Amino acid sequence: MRKITVLPYDPAWQTEYAKAHTFLTHTLQGIPHTIEHVGSTSVPGLAAKPILDIDIIVATPALVQQTIQRLATVGYQHRGNLGIPGREAFAYDPANPHITWLEHHLYLCLADTESLTNHLLLRDHLRANPQAAQAYGDLKKQLAQQFPHNIDAYIEGKTALITQFLAQAGMQTDSLERITAVNQQKDPPTP
């Protein structure tokens, strides 16, 4: 397990996302979709692991299948939903010659699903509340020091604060309970 590193915000993360957005938009030409930069690197001023989180959003299950097939043509390996309904994950391969930007987590989400709502609500809440972003960044730095090689403990340690922010942003209690349960599961092995 590699070391968990949380760095101060870097404006270059926006540039790296722009590269990914351009590439993915071109790759998915002809498939109706939107792309969102989510996760900590999408929040100006927020400390983060230097790994982009990118959500591709489509409206129907048929478009999910088309998108999975299209992403395979540029070397993305589909990993399944990893236990999160409505969200498909893809493996990042630094040796992929098509990838010329920062390491990233790529997800394919159906519109209006809980997992997508979670990503967007948290991002928007942190963007609108600098004090919340500061508290979240401080917690992430603390957890990275406390659990430098344990991603499960790192994720679980963030859960209470994340669900607090999501509750403030209006997410329903049953959704918060599901998010908590997922974040307390162990990370599935990488194929």
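Summary of the structure given here. Sequence positions are assigned chain by chain, starting from 1 and proceeding in written order. Whole-chain, interface and lining totals are the exception, using all residues; otherwise, since this is a predicted model, local features are given only for residues with pLDDT of at least 70 and side-chain atom pairs are given and counted only at 80 or more. Heavy atoms from the whole structure form the basis of all side-chain values; hydrogens and water molecules are not counted.

Per the convention used, a helix needs a DSSP run of H or I reaching at least four residues, while a strand needs a run of E reaching at least two, with both numbered from the N terminus. Scanning the protein chain from N- to C-terminus turns up six helices and five strands. In the protein chain, the succession of helices and strands from N to C terminus is α-β-β-α-β-β-β-α-α-α-α. The size measure is the radius of gyration over C-alpha atoms, and the globule rule it meets is 2.2 Å times the number of residues to the 0.38 power. Expected size for 191 residues packed as a compact globule is a radius of gyration near 16 Å; at 16 Å, the protein chain falls within 12% of this value. Principal-axis analysis of the C-alpha atoms gives the protein chain an extent of 40 × 35 × 30 Å. Looking at the 191 residues of the protein chain, the share that counts as buried comes to 45%. Throughout, a contact is declared for two residues whenever any of their heavy atoms are within 4.5 Å. Put simply, 64% of the contacts in the protein chain that link residues at least 6 apart link residues at least 24 apart. Accessibility throughout is a Shrake-Rupley quantity obtained with a 1.4 Å probe, and a residue counts as covered only by protein chains that appear here. Of the roughly 9600 Å² of accessible surface on the protein chain, 54% is carried by carbon and sulfur atoms. Separation of charge centres in the protein chain, based on 14 positive and 17 negative side chains, amounts to 5 Å. The buried label goes to any residue with under 20% of its type's maximum accessible area, the exposed label to any with over 50%, and the partly exposed label to all in between, with areas taken from a 1.4 Å probe on protein chains only. Positive charges come from Lys and Arg, negative ones from Asp and Glu, while His and the chain ends are left out of the count. Every charge is mapped onto a representative atom, which is NZ of Lys, CZ of Arg, CG of Asp or CD of Glu.

Attention shifts here to the pattern of salt bridges. Within this document, salt bridges are pairs made up of a side-chain nitrogen of Lys or Arg and a carboxyl oxygen of Asp or Glu, the two lying within 4 Å of each other. A full pass over the atoms with the stated rule returns seven salt bridges. Arginine 2 is the salt-bridge partner of glutamate 103, the closest N and O atoms lying 2.8 Å from each other. Here the residue glutamate 103 occupies a position in the loop between β4 (87-91) and β5 (104-110), and arginine 2 occupies one in the segment before α1 (12-27), the gap between them amounting to 101 residues. We classify glutamate 103 as partly exposed; its relative accessible area is 22%. With a closest N to O distance of 2.6 Å, arginine 178 and glutamate 114 form a salt bridge. Placement of the pair is arginine 178 in helix α6 (residues 173-183) and glutamate 114 in helix α3 (residues 114-128), with a sequence separation of 64 residues. By relative accessible area, glutamate 114 is classed as partly exposed at 26%.

Among the nonpolar cores identified, the biggest contains 24 residues, and Leu24, Ile54, Ile56, Leu71, Tyr76 and Leu106 are the most heavily contacted of them. Listed by contribution, the elements that provide at least two residues to this core are α1, β2 (52-58), α2 (61-72) and β5. When sequence neighbours within four positions are dropped, the list of residues in contact with tyrosine 76 reads Phe23, Leu24, Leu71, Phe90, Ala91, Asn96, Ile99, Trp101, His104 and Leu106. We define the nonpolar core as a collection of buried residues of types Ala, Val, Leu, Ile, Met, Phe, Trp, Tyr and Cys that are connected through side-chain atoms lying within 4.5 Å of one another. By size, the runner-up hydrophobic cluster in this structure holds 22 residues, among which are Val6, Leu143, Phe165 and Leu176.

Right, let's get into the pairing of β4. Within β4, five of the five residues are buried, which leaves it mostly tucked inside the rest of the structure. Where burial is concerned, the two faces of β4 agree: the one with Arg87, Ala89 and Ala91 and the one with Glu88 and Phe90 are both buried. Strand pairing is assigned whenever DSSP identifies at least 2 bridges connecting the two strands. Across three bridges, strand β3 (residues 77-80) lies against β4 in antiparallel orientation. Residue histidine 78 lies in a different strand from β4, and its bridge partner there is phenylalanine 90. Taking the residues that link successive antiparallel strands as the turn, the β3-β4 hairpin has six residues, and the phi of leucine 82 there is positive, at about 50°. As paired strands, β4 and β5 are joined by four bridges and run antiparallel to one another. Residue pairing for β5: glutamate 88 is matched across the bridge by leucine 108.

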